[in-house]
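# Secondary and tertiary structure notes
In case you want the letters, here they are:
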Amino acid sequence: MLLKIIRFLRGSVDFTASGKFPERFMNITAKNGVNLWNPVPKKNAISASMYLSDYKKIRILARKSRVKTRITTRHGLPFIINRYKKRTGLFVGAVCGIILCIFLSNFIWSVKISGTEEISNTYLESLLGDNGISVGVWKNNLDTDQIERNIQLKCDDIRWMSINITGSLVTVEVKETYKKPKFDTSKNPCNVKAVKDGVITRIQAYNGRPVVTKGSGVVNGQILVSGLDETKQGDMRYLRASAKVYADITEQQTLSIPKKVTYSYADENYVDRKNFRFLWLDFPCNLAFENYDNFVSTVHGENLFINDVVLPVGLKIRTDRELVTTENSVSKNKAEEIAKADCILYEIFTKNKSEVISKQISVKENKDGYRVTTDYIFNENIADQVDFDVTE
Amino acid sequence: MPKKKRIADKNERLPSPMFDMGTMPYIEMLGNRRITVEGSTGILLYDSESIKINTCKTVISFCGRGMTLKCISSSCVEIEGFVTDINFLS
């Protein structure tokens, strides 16, 4: 392979040496240090190959050995250059292209993060950006060891990280710290008390003496599982009571909805503003003269991928959507629908550990709007550990 | 006291080689498919069925089929092909 490359770069010719003694020609060329390869014997001739530079020297040697040489095929770069000698633009373009490639390879084209689970990539990208690693940065001045240390000092969740610059691609490998599970290490005696009023449905006592039973009604602050227990000998002992006590509790949610609601929504009218992205530069691609007084923008960009490598060339599209503000009157049914939607959000985000036993929505109309009341019955854990002093 | 013999004296008494090995051609064969001749002074005949190589002491003739010279330099020749016969012609 290397030999082929050398031959291509130096240029070679296939030729035929014809005469009475072609062997003599071979001997003379060999003695004069001329490299000859693939000699094929023919009748009163041989065909062989040699470097272009050597072929220029063998004229005298051929005369000495009384053979006539004739080129049959030309190979290599010198002939290609000679063919396109007059087209200087091609050479200039090629040279400029090579220089541009060398110049651009000194920038970071893409940053690839792997190994993150809890830490968001956006946060890590911002940390890297603060330390000088982002797309379009001159890569030769980067001290990756120092950057690794800085980021690890700043972000405690990172156990280990490695920044590798391969060509123009930055690969960031991260290992996150293992978080310690929370254990109740307290050894103080405590009672389990109710945090809400309700009716007990289930008791899971892990430690302590339950003082209520299923079906008992309890009030806020009442002891459910006692940390004070009597031994067989009649003595008292103090325990750290632990239990899960489920009870049906009532809860009321109120929501006020005005009769007239003003809201804005994104209309169907939109304008796409496309930008051609090259490293850190954005070049506008289309002319969009339309402007809205009130609009929302979404930006999304895509870079060109070749063989899993992100190139610094891409398209960034900013979509401006017109915001239309309208005022609508709310009917009673509509108010109930709004309240139902609000209840669902409340159940999902606030009461995600509780089970809904029943739900009743009532809408009352007043002068300003509607007052929606939702009566809930939840089944949830109402137990709470409350420490007590043994001197009490 | 016995006189110590010099090592150089021992060497002087070693029998000298029968021939001058330095001028002999060195032939290396890989089966009958590839032959390297070191110490050649020129090619006398080059044909696909017969190749004659001149050396200092003798002319070596290789006969066979489809024989080609793979490499030629001032003192070394490499032959490739199916060699059936080797003759040393003085």
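So, here's what we can say about the structure. Remember, predicted model here, so these are calculated numbers, not experimental data.

## Considering the overall build of chain A
- Counting its regular elements, chain A contains 9 helices and 22 strands.
- Sorting the 392 residues of chain A into buried and exposed places 32% on the buried side.
- Residue pairs at least 24 apart in sequence account for 66% of intrachain contacts in chain A once pairs closer than 6 positions are excluded.
- Roughly 25,900 Å² of accessible area belongs to chain A as shown, and the carbon and sulfur atoms make up 52% of that amount.

## Regarding a negative patch on the surface
All names here are of chain A.
- Taken together, the side chains of Glu117, Glu118, Asp156 and Asp157 present a region of like negative charge at the surface.
- For Asp157, the position within the fold is in the loop between helix H8 (144-154) and strand S6 (158-166).
- Given the relative accessible area of 33%, Asp157 is considered partly exposed.

## Some words on the side chain of Asp320 of chain A
All names here are of chain A.
- Its location among the elements puts Asp320 in strand S19 (residues 309-329).
- With a relative accessible area of 2%, Asp320 lands in the buried category.
- At 2.6 Å, the side chain of Asp320 and the side chain of Ser297 are in polar contact.
- Among all residues touching Asp320, those that are not within four sequence positions of it are Asn269, Tyr270, Val271, Arg273, Tyr292, Phe295, Val296 and Ser297.

## Concerning the nonpolar core
- Phe15, Phe25, Met26 and Met50 of chain A together with Phe62, Leu69 and Ile79 of chain B are the most contacted members of the largest nonpolar core, which totals 33 residues.
- Per element, the largest residue contribution to this core is 5 residues, and it comes from strand S5 (residues 59-72) of chain B.
- Once residues lying within four places of it in the same chain are set aside, the contact partners of Met50 of chain A are Ser12, Val13, Phe15, Val34, Asn35, Leu36, Trp37, Tyr55 and Ile58 of chain A.
- Formed by 18 residues, the second largest nonpolar core is a distinct cluster that contains Val225, Ala243, Val245 and Ala383 of chain A.

## Considerations on the sheet that holds strand S18 (residues 295-306) of chain A
Residue and element names in this part refer to chain A.
- With antiparallel pairing, 4 strands are arranged side by side in an open sheet as S17-S16-S19-S18. The sheet is open, and its two borders are formed by strand S17 (281-284) and S18, each paired with just one other strand. This sheet shows a mean twist of 40° between the axes of neighbouring strands, independent of strand direction.
- By the bridge criterion, 11 bridges tie S18 to S19 in an arrangement that is antiparallel.

## Considering the interface of chain A and chain B
- Across the boundary between the two partners, chain A contributes 11 residues, which contact 13 residues of chain B.
- Linking chain A to chain B there are 0 salt bridges.
- Counting across the chain A and chain B interface gives 4 residue pairs in polar contact (both at pLDDT 80 or more).
- For the side of chain A that touches chain B, the secondary-structure elements that each account for two or more residues are helix H2 (22-31) and strand S2 (37-42) of chain A.
- The leading source of residues in the side of chain A that touches chain B is H2 of chain A, at 5 residues.
- The residue makeup of the side of chain A that touches chain B, split by class, is 7 nonpolar, 2 polar and 2 charged.

Calculation criteria
- Residues numbered from 1 in each chain as written.
- Chains lettered and ligands numbered in written order.
- Predicted model: local features only at pLDDT ≥ 70, side-chain atom pairs only at ≥ 80, totals over all residues.
- Heavy atoms only, no water.
- Helix = DSSP H or I, 4+ residues; strand = E, 2+ residues; numbered from the N terminus.
- Buried < 20%, exposed > 50% of the residue type's maximum accessible area, 1.4 Å probe, protein only.
- Contact = heavy atoms within 4.5 Å.
- Areas by Shrake-Rupley, 256 points an atom, 1.4 Å probe, with all protein chains shown as cover.
- Patch = residues over 30% accessible without salt bridge, like charges linked within 9 Å, V, L, I, M, F, W, Y side chains within 5 Å.
- Salt bridge = Lys/Arg side-chain N within 4 Å of Asp/Glu carboxyl O.
- Lys, Arg positive; Asp, Glu negative; His and termini not counted.
- Charge placed at Lys NZ, Arg CZ, Asp CG, Glu CD.
- Polar contact = N/O pair within 3.5 Å; in protein donor to acceptor, adjacent residues only side chain to side chain.
- Core = buried A, V, L, I, M, F, W, Y, C linked by side-chain atoms within 4.5 Å.
- Pairing = 2+ DSSP bridges.
- Axes fitted to C-alpha atoms, helices over the stretch in contact; angles between N-to-C directions.
- Nonpolar A, V, L, I, M, F, W, Y, C, P; charged D, E, K, R; others polar.

In short, geometric facts, not functional conclusions.
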